[in-house]
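Topology and contacts: notes
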Amino acid sequence: MRRASSKLVSHLSYYRTFTPYLSRNYILELSPSVPANDYVSSLSSSSFNHIRPCKKTSGLLLSKAKSNPFHTNPSRNLNTQIETPPQLSSRQTKIKERSELEESFESATSTEEMLKAFQEMESSFDEKELGLASLKLGLKLDQEGENPEKTLAFANRALKALDKNDKPSLLVSMTLQLMGSANYSLKRFNDSLGYLNRANRLLGRLEGEGSCSVDDIRPVLHAVQLGLANVKTAMGRREEALVNLTKCLEIKEMTLEKDSKEMGAAYRDLAEAHTALLNFKEALPFCSKAIEIHKKELGNNSVEVAHDRRLLGVIYTGMEEHQKALEQNELSQKVLRNWGLSSELLRAEIDAANMQIALGKYNEAINTLKGVVQQTDKESENRALVFISMAKALCSQEKFVDAKRCLEVACGVLDKREAVSPVEVAEAYMEISMQYETMNEFETAISLLKRTLSMLEKLPQEQHSEGSVSARIGWLLLLTGKVAQAIPYLESAAERLKESFGSKHFGVGYIYNNLGAAYLELDRPQSAAQMFAVAKDIMDVSLGPHHADSIEACQNLSKAYSAMERGLNLQGCKASAMAIHLSVLLNSPYKSYVLAIQFQQQVIDAWEGHGPSAEDEVKEAQRILTELKNKAHGASSNELVTKALPLPHSSGSSPTRNFQVDEKRSNVAH
């Protein structure tokens, strides 16, 4: 988790720990000349300058440097009284001791020193007075991140002391942020979200009321927004997390210099968040800004620029611009090699091999991987990744026997790493399953994906991956004819991915498209039409109505309506003639054909928008439209005969269904 605690610790520096609680009367008693409205500024000094020592000494001080004429005969001393400082009352002594304890806490620099000073103060101050000190100590512990339980304990004490009424305050907002951070570290995500949301609301009220400086609010607001992004990401709600990260960037743009290093890191963070959601086009400009800033501030050969370029390579890969991706990867490798970052260089070389495979340069990729495998440990995850990529290259060359051997080696390594690195192993298993799919080893792929799913279900932060794996299992079951088994996996995938990526993400659209195919295979055309309609709506928004997958969803919707020849069996029904007539009209197969024709015409219009390159698709769509019109004409004729009968025994026979299972896989992030 990217922590904001260190910044909040410094932000608290101008708050004196006990300023609100030291006795104002004490100050006025000891320093009557200090104006009442200046008592807070007087407290800023740790040396009690407002306590004025005696300026007169009527007694004579003995000094070795100066002889005393009466020393030889003390009895002749005419002034034997030496004035002593006035004695402090017990109340004044106690307050002075409290002030010294405060100063000890304020001057502490390490966590150990702060804890020791705090323990000494507990005997002299009540819980209410310890509120600010508890907050400071909690923030210090959270900054180190080693003891979230202790952090939470101090945060709780601070909240009880500071949250005295319903009025919003900056200190309460900071305390709520600390509560959220500590609960996040303890994986209590719902509790964390609750505290952070309340902090966000309080800060909004403070800003709206103008009761606090915007410059004071922004650092705390940034910490809260960053906390919300981390928690929502951990809960799999990545689409919502992206909104919070965007707000973080907006705050930094208002407070930091335009080309600062920290701004570069902020742009890269947002680019990574968009990449995780497969929003590659949106990620590109943010990543480009990060590179521009880091090159200007740190130089072209800095590690930060190398990291930016590696991310840019991933983005270009997602946009299927593999040559550009490879160019960025090579530039990144040069810098990583110069800095001696062997581990990161190894991953970059594996990425390069995958880019070469995407470009069809299989032999080059294999040679690259042969060089990399020599640098890996036998039981390392990197070694498994090398063999997975090797299998991909061999698979592309249809050398399936050799590819399977590579995958077996990879699985052997990963099996021993499941408990240590569950997320990385799960991602590797997903990649391996795709290789088995390519070789038509569907049962092996399904078995491996189910194993992956059981791992991901224990990791709430991987909800998006869980949804992706469920979608793939459902698609493979559908593809192999196990339709009834596929539906629960597809339904679960749709719910998980809507929470992670939003309801209008194209990946969710693919899942609904496959659900429609499943329902149609089970002779449930109404349910199928509902799913296809949702899929079409999502794809029209996310991909555009002229995208090939959007057109396919529209085509499937047309097929679903053409299969909706629903008959009525009203024999023995005692309903009125009007009720029967209305039922016949509402359940008319002719009505469903009208809808099927409308959607089929949309398919034709969309393909025609592609120009000459879609000539074959237009011809096929027109053929289907003609067929639908013929069926609709027949349904209309049958309907006229049916309507003439007061009590129809049955409707016409069902038309032959012209539909094949959609084999398009759900392209969802994993």
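One can find the structure itself at the top, above this paragraph.
Residues numbered from 1 in each chain as written. Predicted model: local features only at pLDDT ≥ 70, side-chain atom pairs only at ≥ 80, totals over all residues. Heavy atoms only, no water.

Along the chain, Glu349 turns up in helix H16 (residues 342–358). For Glu349, a relative accessible area of 12% puts it in the buried group. Excluding anything up to four places from it in sequence, Glu349 contacts Gln333, Arg337, Thr368, Val372 and Gln375. (Helix = DSSP H or I, 4+ residues; strand = E, 2+ residues; numbered from the N terminus. Buried < 20%, exposed > 50% of the residue type's maximum accessible area, 1.4 Å probe, protein only. Contact = heavy atoms within 4.5 Å.)

Another aspect to go through is helix H12 (residues 261–276). The end-to-end C-alpha distance of H12 is 23 Å, a good match for the 22 Å that 16 residues give at a rise of 1.5 Å each. Where the residues of H12 are buried, they touch helix H11 (238–255), helix H13 (280–298) and helix H14 (303–318). In the stretch just after H12, Leu278 is the one whose phi turns positive, near 65 degrees. (Expected span 1.5 Å × (residues − 1).)

Here we take up the nonpolar core. Grouped together as the largest cluster of nonpolar side chains are 122 residues, with contacts concentrated most on Leu414, Ile432 and Tyr512. A total of 10 residues in this core trace back to one element, the largest contributor, which is helix H24 (residues 506–521). Beyond its immediate sequence surroundings of up to four residues, Leu414 is in contact with Ala384, Ile388, Val425, Ala428, Tyr429 and Ile432. Grouped together as the second largest cluster of nonpolar side chains are 34 residues, Met179, Tyr184, Val220 and Val224 included. (Core = buried A, V, L, I, M, F, W, Y, C linked by side-chain atoms within 4.5 Å.)

On to the pattern of salt bridges, then. Should their charged atoms come close, side chains of opposite charge can pair. Per the counting criterion, the structure on display carries 32 salt bridges. Put simply, Lys498 and Glu495 hold a salt bridge, and the shortest N to O gap is 3.3 Å. One end of the pair is Lys498 and the other is Glu495, both in helix H23 (residues 483–501) and three residues apart, which spans about a single turn. Residue class for Lys498 comes out partly exposed when judged on its relative accessible area of 26%. It is possible to trace a salt-bridge network through shared partners that takes in Glu620, Arg623, Glu627 and Lys631. (Salt bridge = Lys/Arg side-chain N within 4 Å of Asp/Glu carboxyl O.)

Attention shifts here to the packing of helix H6 (residues 131–144) against helix H7 (residues 148–162). At their nearest, the axes of H6 and H7 sit 8 Å apart, and the two run at 155 degrees to each other. Between H6 and H7, the crossing angle belongs to the class labelled roughly antiparallel. Considering only the axes of H6 and H7, their crossing is left-handed. Facing H6, whose interface residues are Gly131, Leu132, Ser134, Leu135, Leu137, Gly138, Leu141 and Asp142, H7 presents Lys150, Thr151, Phe154, Arg157, Ala158, Ala161 and Leu162. (Axes fitted to C-alpha atoms, helices over the stretch in contact; angles between N-to-C directions. Parallel < 35°, antiparallel > 145°, perpendicular 65-115°, else oblique. Left-handed = near helix turned anticlockwise from the far one by under 90°.)

Attention now goes to the packing of helix H20 (residues 422–438) against helix H21 (residues 442–456). Packing of H20 against H21 leaves a shortest axis separation of 8 Å and a crossing angle of 165 degrees. One element, H20, and the other, H21, form an angle in the roughly antiparallel class. Helix-helix and strand crossings are classified by hand; for H20 and H21 the assignment is left-handed. Contacts between H20 and H21 involve Pro422, Val425, Ala426, Tyr429, Met430, Ile432, Ser433, Tyr436 and Glu437 on the former and, on the latter, Phe442, Thr444, Ala445, Leu448, Leu449, Arg451, Thr452, Met455 and Leu456. In the contact of H20 with H21, the residues fall into 13 nonpolar, three polar and two charged. (Nonpolar A, V, L, I, M, F, W, Y, C, P; charged D, E, K, R; others polar.)

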